[in-house]
Amino acid sequence: MTTEEAGTTAPETGPSAGRGLLGRLSWGLADQAASSMTNFAVGIYVARSLGVTAFGVFSLAWLTYGVVLNVARGLATDPLVVRFSGAPEASWRSAAARSAGAALGVGTVLGAVCLLVGLGLGGRVGAAFACLGVALPALLLQDAWRFAFFAAGAGRKAFTNDLVCGLALVPAMVVAARVGTVAAFLLAWGAAAAVAAGYGCVQSGLRPRVGQARGWLREQRDLGSRYLVENVSLSGAGQLRAYGLGAIVGVGAVGAVRGAELLLGPFLALLMGLSLVTVAEAARVLRRAPHALGRFCLLLGGGQAAAALLWGAALLLMPDRLGELVLGGVWHDASRLILPATLGVAGAGLGSGAAAGLRALAAARRSLRCQLFASACYAGLGLGGAAVAGTAGSAWGVAAATACGSAVWWLQLRAALREHHRAPTPGPTPAPEDDIPEVRTA
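Procedures and definitions
- Residues numbered from 1 in each chain as written.
- Predicted model: local features only at pLDDT ≥ 70, side-chain atom pairs only at ≥ 80, totals over all residues.
- Heavy atoms only, no water.
- Helix = DSSP H or I, 4+ residues; strand = E, 2+ residues; numbered from the N terminus.
- Buried < 20%, exposed > 50% of the residue type's maximum accessible area, 1.4 Å probe, protein only.
- Contact = heavy atoms within 4.5 Å.
- Areas by Shrake-Rupley, 256 points an atom, 1.4 Å probe, with all protein chains shown as cover.
- pLDDT = per-residue confidence, 0-100.
- Expected span 1.5 Å × (residues − 1).
- Salt bridge = Lys/Arg side-chain N within 4 Å of Asp/Glu carboxyl O.
- Axes fitted to C-alpha atoms, helices over the stretch in contact; angles between N-to-C directions.
- Parallel < 35°, antiparallel > 145°, perpendicular 65-115°, else oblique.
- Nonpolar A, V, L, I, M, F, W, Y, C, P; charged D, E, K, R; others polar.
- Phe/Tyr/Trp six-rings, centres within 6.5 Å; stacked < 30°, edge-to-face > 60°.

### Details of the overall build of the protein chain
In terms of regular secondary structure, the protein chain is built from 14 helices and 0 strands. Sequence-ordered secondary structure for the protein chain, helices as α and strands as β, is α-α-α-α-α-α-α-α-α-α-α-α-α-α. Evaluated residue by residue, the protein chain yields a buried proportion of 57% over its 442 residues. Once local pairs closer than 6 in sequence are excluded, the contacts in the protein chain between residues at least 24 apart make up 84%. Accessible area for the protein chain stands at about 17,600 Å²; split by element, carbon and sulfur atoms hold 66% of it.

This is the structure in structure tokens:
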């Protein structure tokens, strides 16, 4: 691994700083584009192949995966990014192998839980959860390699790994389409992740040390416990909202919500790609010009919110024929949710600017407080809206929740900036670059 790949380059100044930012941003966007387009393709393929009800079943499994993924990131990979970004190669290799082993261990344990739950439930939902349980170890290991490469400053390797996953998914999806069940699509998704996870071992020259997973979790528990709560709170709220929406309105409503999210998929890919670098860049601004951090965060959040509104406006003008070409039978229900879904993403984008500032300031208690408040609003207003006005009511409730959450993020950032200016401290250690709040839509 080269010096650049190990993340040990010298501090950047002047034009080199701009080039460094552009390079980091480019690989973050490229990697997220590859990852998100893979997920987007899976969702579109399932929606077109199986219809809105089966797509709702698939969406329940997908959201469960999101919760498990955030558990693994909080316990295994976020501490790696915090403590071993830019570390010497020997330290990085040891930590990356142990972190990957922890992610694989989490996937195996929670995968077994999903498998048992699925076998107990039976039916289409049970089969979906059982197959998700089989796929989880590979899915979490592949994600762990992505973040290990970003910790090493080797974003190109993360991008290549996601590209391999996407290529492996093509024949797997063809086979799944012939079977024509949600379970088959989930197994195909897991098989592609297994190919990419294996390739990650080749890229890194490492094997995941599952036997040392417990030691890694124990050593990193001071960070892991906080990141676990933060990461899981919002994704758990999304899972609660999905289950509640399915119980109140029906599984088809879950499919409609997921369809609206897919329509916003390309923009969300951009937003999540930016999140790979925004915390680190906010930390750099804090070190160079502390007084400019608030303005930087405002430009960051405002730019993302404006871009979301423009993308949503384009979707509202989309002809029905084109929408049906993309989503098939799901389009009719999903198209009614475009406006509230867009407003929800815009609110989340605005709040992510403030979140980057709080991470850069290392204001852990404030960020956790914001995350828990946002999660409570998301679940409460999403389910309350569903009880009052069905699927559309849930979508508008979530839009209101993201607006409330964004307001709290900015109030907390303002207070944290005042504290920082009153008692200046040395530049904080950058938080994990993927620790921006997860975006929730519809």
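### Describing the confidence of the model for the protein chain
Residues at a pLDDT of 70 or more form 84% of the protein chain, whose mean pLDDT is 83. Long-range and interchain partners of residues 1-14, a stretch whose pLDDT sits below 50, account for 26 contacts in this model, where long-range means more than four residues apart. In this model, residues 425-442 is a region of pLDDT below 50 whose contacts with residues beyond four sequence positions or in other chains number 75 contacts.

### Observations concerning helix H8 (residues 251-263)
Given a rise of 1.5 Å per residue, 13 residues ought to cover 18 Å, and the 19 Å separating the end C-alpha atoms of H8 matches this to within 8%. Taking burial as the measure, the 13 residues of H8 include 11 buried ones, the bulk of the element. Buried within H8 we find Ala253, Val254, Gly255, Ala256, Val257, Arg258, Gly259, Ala260, Glu261, Leu262 and Leu263.

### So, the environment of Ala158
As for its placement among the helices and strands, Ala158 is situated in helix H4 (residues 155-179). Once you skip the residues sitting within four places of it in the chain, Ala158 turns out to touch Asp31, Arg146, Phe149 and Phe150.

### Concerning the pattern of salt bridges
As enumerated under the stated definition, the model contains 6 salt bridges in all. Measuring nitrogen to oxygen at the nearest pair gives 2.8 Å for the salt bridge that ties Asp143 to Arg73. Residue Asp143 is located in helix H3 (residues 123-151), and its partner Arg73 is located in helix H1 (residues 14-84); the two are separated by 70 residues in the primary sequence. Asp143 is the partner of Arg146 in a salt bridge, and the nearest nitrogen-oxygen pair spans 3.3 Å. With a gap of 3 residues between them, Arg146 and Asp143 both fall in helix H3, about one helical turn apart. Across the pair, Asp143 and Arg146 agree in class, each one buried. Put simply, Arg73, Asp143, Arg146 and Asp162 are held in one network by salt bridges that share partners.

### Points about the packing of helix H7 (residues 221-248) against H8
Where H7 meets H8, the axes come as close as 6 Å, and the angle between the chain directions of the two elements is 135°. Between H7 and H8, the interaxial angle falls into the category oblique. Facing Arg241, Ala242, Leu245 and Gly246 of H7, the residues of H8 in contact are Val251, Ala253, Val254 and Val257. Tallied by class, residues from the contact of H7 with H8 come to 6 nonpolar, 1 polar and 1 charged.

### Remarks on the packing of aromatic side chains
The description of an aromatic ring pair uses the distance of the two centres, along with the angle that the planes make with each other. Under the criterion given, the structure shown has 5 aromatic pairs. Judged by centre distance (6.5 Å) and plane angle (25°), the rings of Trp145 and Phe149 are stacked. Taken together, the residues span about one helical turn, with Trp145 and Phe149 both in helix H3 at a distance of 4 residues. Each of the two residues, Trp145 as well as Phe149, counts as buried. Taken together, the ring pairs connect Phe58, Trp62, Tyr65 and Trp189 into an aromatic cluster.

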